[in-house]
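Remarks on the overall topology
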Amino acid sequence: MTPLGSLGGTAGFEFRLLGPLEVRLDGVPLEVGRTPVRALLACLLLEPNQVVPMDRLIDTLWDDEPPASARTIIQGYVSRLRKFFGTSGPEIITRAPGYLLRVDGERIDAHRARSLISRAHGLEPAERSRLLTEALELWSGSVLADIAGSRLHRMVAPNLDELRLLALEERIAADLELGRHHQLIAELSTLVDQHPIRERLAGQLMLANYRAGHRAEAQARYHELRHRLSHELGIDPGPELRELYEKLLRDDPALRNHPSRAEPGLGIRRPVPAELPPAPAGFVGRRLEFATLNAMLETREKGSSLITVLTGTAGVGKSALALTWSHRVAEEFPDGQLYASLRGFDSEHQPLTPGEALTSMLKTLGVASDAIPVELDDRTALYRSLLAKRKVLVLLDNARDSDQVLPLLPGSAASLVVVTSRRRLDGLVVRSGARVLPLETLPTESAIELLDRAGVPGKSAAEPDAAAELAELCGGLPLALRIAAARLAANPARGVSDLVHELTDERNRLQALDIDDDADTSVRRAFDISYRSLPPVHAETFRVLGLIPGQTFTAHAVAALCDTDPASAQRRLRALALAHLVTEPEPDRFGMHDLLRAYARELPAGVEDSAALRRLLGHYLCAADHARRFLRPTRDELDFCAQGDHRPEVGSRSQALEWFDAEWPNLVAAVRAAKLAGMHDMAWPLARLQFNYLMVRCPWEDWLRVYTDGAESARAVGDPVGKVLMSAGLGVACARSGKLDEALAHYEESYRVAVQTGDSERLAMTQVNLSSALFRLRRYEEAKIHSKDALKVYRSLGDRYFVAGALNNLAMVEQVNGELEAALRHLREAEGLYREADDLETLAMVLNNCGEVSIELGNLDDGERFHHEALEVARQCGSAVRQASANLGLGDVARLRGDVPVACTRWETALSIFEAEGSPQVREVRQRLDEAG
């Protein structure tokens, strides 16, 4: 592990947020870039190794209404940061719904500070003071001082300033325990002057003065604060400060001595139970959950008992959190702590009945065995009577359902009940006002810390990248992490990367997360218990969810998979969510933990699984075909709209884009799954149905992956239409990403197959594609021949849409040849045809081309008008690339008019979008900016 006294050492990248934003490489400060890029980096650094949603980034970076191209601008900033970090620095990963910065949290001062403050808790005073002092030294000035005034600064700075003050108060408390009151008086006097209404600081100064013999000064400080609070806020000091003042007045010995709480005498007739099992060693993280529990305890309503349910999937650490927190607050409950393991999910024993649990707790409370009532209601009444005037903490671990818990709730308003369960126990919420705290898996930083604490200290620091990958493969699940740590500890010579290699294969992952000599300590065993507790229909639904190739799914998809209706599928998914076997990260979209997905895929296959997968693929075919028709004309004979029973509710272009955006990772995975399952007749059509979306969003890597899979399937079944369309689609992807030679090769393959089919319309389509690639390769005469041939065929067929494509390509050749009037005439004809077809993405391209030709003709007003119209159309259809081209052209108009600042602004916007999209036009825009100075 990194030494506590450093911010990750001096080698590599270091990040400072507790002051002006600063990035250092090997100890040398680096220039990050302009304020928006710095602000984006700060957002990612504040939540390292966690996905920061795009919507939150947009809200944070723009105080007012964000620009329409905000997403693409952020993508451009991310591209710049990736280049800034290079291959050896932190990695920015695109992960829905935003971005994840993979980085060692110890190299970020804010997270380093939080880690030190967390570690200090519960330690001896000297060590606590040392760690807190080290944390406080990480603050180097006003938090994010160089972006002061921004929304990010307003959101973040107060919290980090408050963290600093809390750490300072804790460090002073530790120093007071060490008897350093004389040394603290000067520091505390200054702090109280700076924070005159902060009661804890005032109380600490009062105590330091009192112990130093300055009794009058201690009392004067109290009166000074009381006067200020009364006149400025109209309130009195809080109960803790008033109690301290009263102790000062009567010279309470407790202010001078610190005796531990006395054990009860032997003659006490009502024993004080202390049944909490030991808290687990090496507990890490859960700061937010601790804060939530503390807040629940502090803000509970007077006269009402507090019931808290910690709920989450198997192995997520519910019991560990409950025990750790219960030990921390045990002193708040001087009448004792009761504990019962309810065995709600136990592979070896039946769940504990409420009567059995009450019998055990009544004995603990001093009731003789022969005095315990027979009837459950009578036992409950006696239990509540014994606790009526007592302040106790009751921990009920591993509850099966609400009925098991209800008889065990004390009637005392002063008591606290903590329940843990794999189910959500909504019945306790409705009937008893319980508060539910769902537990998520650990973020990467905490997961790595758990690996170190539970395994071999220092191994993660020696292999930070492998440790981060191991944490990800374990899905942040504490049980899996502890087993992984135990395996590393059992074989000290084994490296973290060795275990990562073993876990990478999903088929072996659960087996690798077993302990050889302990059958009960197993991720698979934990999941088994939850799975076997399900009703048959829910168990079968969970099993077939393992067939879903993507990461998320909707009730419509599950309805197809299970051959039922969406309403029934929704009910099944909600039941599985209550059991924490699926999650619902956003309304009506469900997912599974990676290890649960692996577990579902390990369950024995059913005889209908092949048919179920085919139904699911049929759903995606139907839904994608329906949605694509709102984006652009289809221009093929594929029609699956009528083949599905439950299509998504898509009725507009924006809704279609939203559907594709949400389902895109699933569609990519579905094409691959169809190919691997030998369902080639579904694989290549599903790939083709994504074309309209791909033309708008342009995710190059996914485009190539999907169409490569589709091409292999089309060849496998020898489908000529599939082979033509798949090769053509691969050519478009390569052409748009600047790989012109590869594009031409794919287009030529598509052309050869089209020639073999003898389909003149299909052949003309391939010629339009060829002319486009040949033009960009400056083979103008060949491009012109193919364009004219295609135009002749399409005019003869009366296909007005493809006539427009041929006209556009012909106009490009004419523009290069200086035939500008002819080029503009052909472009205007193409414009009308694309408007007629309602193909907004291609219309935006043609309008930009009209703008370019008009500028070359010297008609700046016309050029500006065309580019403005292209920008508006591109925004309507969601095409980032066309927006960038429009901004590029508008910048050219501004430069020709002599308005260089406006030109540079337009070009900067275009550059950000082109960088984010990986467009080859980046070099062209940078050249313009360099020439403008």
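Residues numbered from 1 in each chain as written. Predicted model: local features only at pLDDT ≥ 70, side-chain atom pairs only at ≥ 80, totals over all residues. Heavy atoms only, no water.

Looking up the chain in an unreviewed UniProt entry gives the name BTAD domain-containing putative transcriptional regulator, with the organism given as Saccharopolyspora ipomoeae. For the record of the chain, the UniProt heading Sequence similarities (unreviewed entry) holds the text "Belongs to the AfsR/DnrI/RedD regulatory family." (UniProt positions renumbered as here; feature names shortened; annotations may be inferred.)

It is worth spelling out the confidence of the model for the chain at this point. Residues of the chain with pLDDT of at least 70 account for 94%, and the chain-wide mean is 84. Within the chain, the lowest mean pLDDT, 56, falls on strand 13 (residues 518–522), and the highest, 95, falls on helix 30 (residues 680–688). Here residues 1–9 is a poorly scored stretch, pLDDT under 50, and it has 31 contacts once near neighbours within four places are set aside; other chains count. Segment residues 257–269: pLDDT under 50, and 2 contacts once partners within four positions in sequence are set aside and those in other chains are kept. (pLDDT = per-residue confidence, 0-100. Helix = DSSP H or I, 4+ residues; strand = E, 2+ residues; numbered from the N terminus. Contact = heavy atoms within 4.5 Å.)

Adjacent strands of a sheet form backbone hydrogen bonds with each other and so pair up, either parallel or antiparallel. The strand order 4-6-5 describes an open sheet built from 3 strands, whose pairing is antiparallel. Each edge of the open sheet is held by one strand with a lone partner, namely strand 4 (51–53) and strand 5 (91–95). Direction aside, neighbouring strands of the sheet carry axes that sit 30 degrees apart on average. Pairing of strand 4 with strand 6 (residues 98–102) involves 3 bridges; the strand directions are antiparallel. Opposite V51, over in strand 6, you have L100 as the bridge partner. (Pairing = 2+ DSSP bridges. Axes fitted to C-alpha atoms, helices over the stretch in contact; angles between N-to-C directions.)

Grouped burial of nonpolar side chains is what soluble globular proteins tend to show. Residues L470, L513, V523, F542, L545, F553 and W703 are the most contacted members of the largest nonpolar core, which totals 193 residues. Every residue in contact with L513, bar those within four places of it in the chain, is listed here: C474, A480, I483, A484, L503, S522, V523 and L595. Counting 80 residues, the second largest nonpolar core, distinct from the first, contains W62, Y99, L229 and L241. (Core = buried A, V, L, I, M, F, W, Y, C linked by side-chain atoms within 4.5 Å. Buried < 20%, exposed > 50% of the residue type's maximum accessible area, 1.4 Å probe, protein only.)

This brings us to empty space enclosed by the protein. As enumerated under the stated definition, the model contains 1 cavity of 30 Å³ or more in all. Reported here for the largest cavity is a volume of approximately 40 Å³. In this structure, the largest cavity is lined by F345, R422, R423, S530, S533, L534 and A579. Residue composition of the lining of the largest cavity, by class: 3 nonpolar, 2 polar and 2 charged. (1 Å grid on protein atoms, 1.4 Å probe; cavity = no way out; pocket = protein on both sides within 12 Å on 5 of 7 lines; lining within 4 Å. Points joined across faces, edges and corners; volume = space filled by probe spheres on them. Nonpolar A, V, L, I, M, F, W, Y, C, P; charged D, E, K, R; others polar.)

As for its placement among the helices and strands, F527 is situated in helix 23 (residues 523–532). When its relative accessible area of 2% is taken as the criterion, F527 is described as buried. Expressed as a C-alpha distance, the spacing of F527 and G315, which sit 212 residues apart in the sequence, is 8.4 Å. Among all residues touching F527, those that are not within four sequence positions of it are A314, L477, L595, L596 and Y599.

Across the 5 residues of strand 6, 4 count as buried, placing the element largely inside the fold. In this structure, strand 5 lies alongside strand 6, joined through 5 bridges in antiparallel fashion. Paired with E91 across the strands is R102, a residue of strand 6.

Our next topic: the sheet that holds strand 14 (residues 552–553). Taken together, 3 strands build an open sheet; the order of strands is 14-16-15 and the sheet is antiparallel. Every other strand in the sheet has two partners, leaving strand 14 and strand 15 (583–586) as the edge strands with one partner each. Inspection of the sheet shows strand 14 paired to strand 16 (residues 589–591) by 2 bridges, in the antiparallel sense. In the strand pairing of strand 16, F553 is matched with F590.

So, about the pattern of salt bridges. Going through the model one piece at a time under the given rule, you end up with 61 salt bridges. Of the charged contacts, one joins D251 and R215 as a salt bridge, the two residues approaching to 3.4 Å between their closest N and O atoms. Residue D251 is located in the loop between helix 10 (239–249) and helix 11 (287–299), and its partner R215 is located in helix 9 (residues 215–232); the two are separated by 36 residues in the primary sequence. For D251, a relative accessible area of 29% puts it in the partly exposed group. R215 sits in the partly exposed class, given a relative accessible area of 39%. Among the salt bridges present, the one from E869 reaches R835, with a minimum N-O distance of 2.2 Å. Of this pair, E869 sits in helix 40 (residues 860–877) while R835 sits in helix 38 (residues 820–837), and the two are 34 residues apart along the sequence. (Salt bridge = Lys/Arg side-chain N within 4 Å of Asp/Glu carboxyl O.)

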